[in-house]
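A structural walkthrough
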Amino acid sequence: MSDAADIEFGGSAAAIRHHYDVGNAFYREWLDPSMAYSCAMWEGLPEDASLEEAQHQKHLFHARSIHAAAGMRVLDVGCGWGEMMRTLLDDCGVAECVGLTMSEEQHAHIGHLGRPDMQAVLTNWRDYRPDRPFDGIISIGAFEHFAHPRQTVEERRHVYREFFSACRDWTEGKGRLSLQTIAYANMTPDQANPFITGEIFPDAELPTIEDIVVASRGLFRIERLRDDGLDYARTCEEWSRRLRRAVRDGRIDPAREPAEKYSRYLRMSAAGFRMHKIGLLRIAFSPK
Ligand SMILES: C[S@@+](CC[C@H](N)C(=O)[O-])C[C@H]1O[C@@H](n2cnc3c(N)ncnc32)[C@H](O)[C@@H]1O
């Protein structure tokens, strides 16, 4: 999945496509209609709240973290199918959004939305050179792909620091950054399940909280940090239920689509969050 050039910075384009380009139609059947593919935020919602409501609350949370306001220009690193950008533009009055993705299918999907205020760029963040600065940056569920399992702790921290440096440069040291990422909790990398690291997320490696603290030191100030691992357990369980229902209703053909594999990965991930082996960090950074 990787070549030497990619290992220096982490996940290769092939590794990203392996996971994200299995077909937009497949994902559409079990994600919520906004196609958000990251941990939702359930806090404070009624017990019977829908996944869509919890995803929307998560997007508003990140918008507030960067103080999103009318007229701003915002970057979304790892924009998926574009819902964070849509929320910023339609609900927060942001003027312009640019989203980076390494998935061709996500890039094509956003292109077909036909929105001049929402631009998707098919690139790795490390190759991205914006022509104008941004007022704020959001990155949800992408940081897990930035480092490579064969890197040492020092090499991983170097890559993360490059990322924080780039974010600082792209905001000219004046913008906020809202980051959401899975992280190791009561587990070490050597205990990771080979099915997840080999078949589901090849070439991906999780950070620890310490990695993030060390890598961002002097570049951004950590304003707030929360671990919402149980939110991710509930999100994975909801996705898993929807996936099983789609198979049962004949909307997904398990002979042609990786339903079995994904169902197993979602159940394993939910268990990992419930046992606090892994956690879900939401970190608000302010400029230093
Ligand atoms: C789990 S998805 C999350 C998508 C979206 N943020 C959401 O919450 O629905 C991860 C996203 O990160 C992107 N990504 C991963 N590594 C990246 C990199 N090095 N540069 C740019 N995008 C990357 C993938 O292409 C994908 O869009």
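Residues numbered from 1 in each chain as written. Predicted model: local features only at pLDDT ≥ 70, side-chain atom pairs only at ≥ 80, totals over all residues. Heavy atoms only, no water.

What follows concerns the site of the ligand. Close to the ligand lie 21 residues, the nearest being Tyr37, Ser38, Gly78, Gln106 and Ile140. Measuring from an oxygen atom of the ligand, one finds a backbone N or O atom of glycine 80 at 3.1 Å. Measuring from an oxygen atom of the ligand, one finds a side-chain N or O atom of glutamine 106 at 2.6 Å. A total of 590 Å² of accessible area belongs to the ligand in isolation, and the protein chains cover 95% of it. Put simply, the parts of the chain that give the shell around the ligand at least two residues each are α2 (13-20) and β2 (96-101). Across the shell around the ligand, the residue classes break down as 11 nonpolar, 10 polar and no charged. (Near = heavy atom within 4 Å. Polar contact = N/O pair within 3.5 Å; in protein donor to acceptor, adjacent residues only side chain to side chain. Areas by Shrake-Rupley, 256 points an atom, 1.4 Å probe, with all protein chains shown as cover. Helix = DSSP H or I, 4+ residues; strand = E, 2+ residues; numbered from the N terminus. Nonpolar A, V, L, I, M, F, W, Y, C, P; charged D, E, K, R; others polar.)

The subject of this paragraph is the pairing of strand β7 (residues 278-287). Within β7, 9 of the 10 residues are buried, which leaves the element mostly enclosed by the surrounding structure. Of the pairings in the sheet, the one linking strand β5 (residues 176-184) to β7 comprises 8 bridges and is antiparallel in character. If you follow leucine 179 over to β7, its bridge partner there is isoleucine 283. For strand β6 (residues 220-227) and β7, the ladder comprises 7 bridges, and the chain directions are antiparallel. Across the sheet, arginine 226 pairs through a bridge with arginine 282, a residue of β7. (Buried < 20%, exposed > 50% of the residue type's maximum accessible area, 1.4 Å probe, protein only. Pairing = 2+ DSSP bridges.)

A word on a positive patch on the surface. Together, Arg244, Arg245, Arg248, Arg264 and Arg267 make up a region of like positive charge exposed at the surface. At the level of elements, α10 (229-248) and α11 (259-274) are the ones that each hand at least two residues to the positive patch. With 3 residues, α10 is the single largest residue contributor to the positive patch. Along the chain, arginine 245 falls in helix α10. The class of arginine 245 is partly exposed, set by a relative accessible area of 36%. (Patch = residues over 30% accessible without salt bridge, like charges linked within 9 Å, V, L, I, M, F, W, Y side chains within 5 Å. Salt bridge = Lys/Arg side-chain N within 4 Å of Asp/Glu carboxyl O. Lys, Arg positive; Asp, Glu negative; His and termini not counted. Charge placed at Lys NZ, Arg CZ, Asp CG, Glu CD.)

Along helix α6 (residues 104-112), the residues that are buried comprise Gln106, His109 and Ile110. Here the buried residues of α6 occupy an arc of 95° about the axis, which is enough to place them on one side. Of the exposed residues in α6, the ones pointing more than 90 degrees away from its buried face are Gly111 and His112. Buried residues along α6 sit in contact with α2, α3 (24-30), α5 (83-92), β2 and β3 (118-122). (Arc of directions from axis to C-beta. Contact = heavy atoms within 4.5 Å.)

Another point: the pattern of salt bridges. Counting across every chain of the model gives 24 salt bridges. Two residues, glutamate 223 and arginine 224, come together in a salt bridge whose shortest N-O distance is 3.5 Å. On the basis of relative accessibility, which here comes to 28%, the residue glutamate 223 falls in the partly exposed class. With a relative accessible area of 41%, arginine 224 lands in the partly exposed category. The partner of arginine 274 in a salt bridge is glutamate 237, and the shortest N-O contact between them spans 2.9 Å. Here glutamate 237 lies in helix α10 and arginine 274 lies in helix α11, a separation of 37 residues in the sequence. The exposure class assigned to arginine 274 is partly exposed, which follows from its relative accessible area of 42%. Where salt bridges share partners, they join Glu43, Arg226, Asp228, Asp231 and Arg282 into one cluster.

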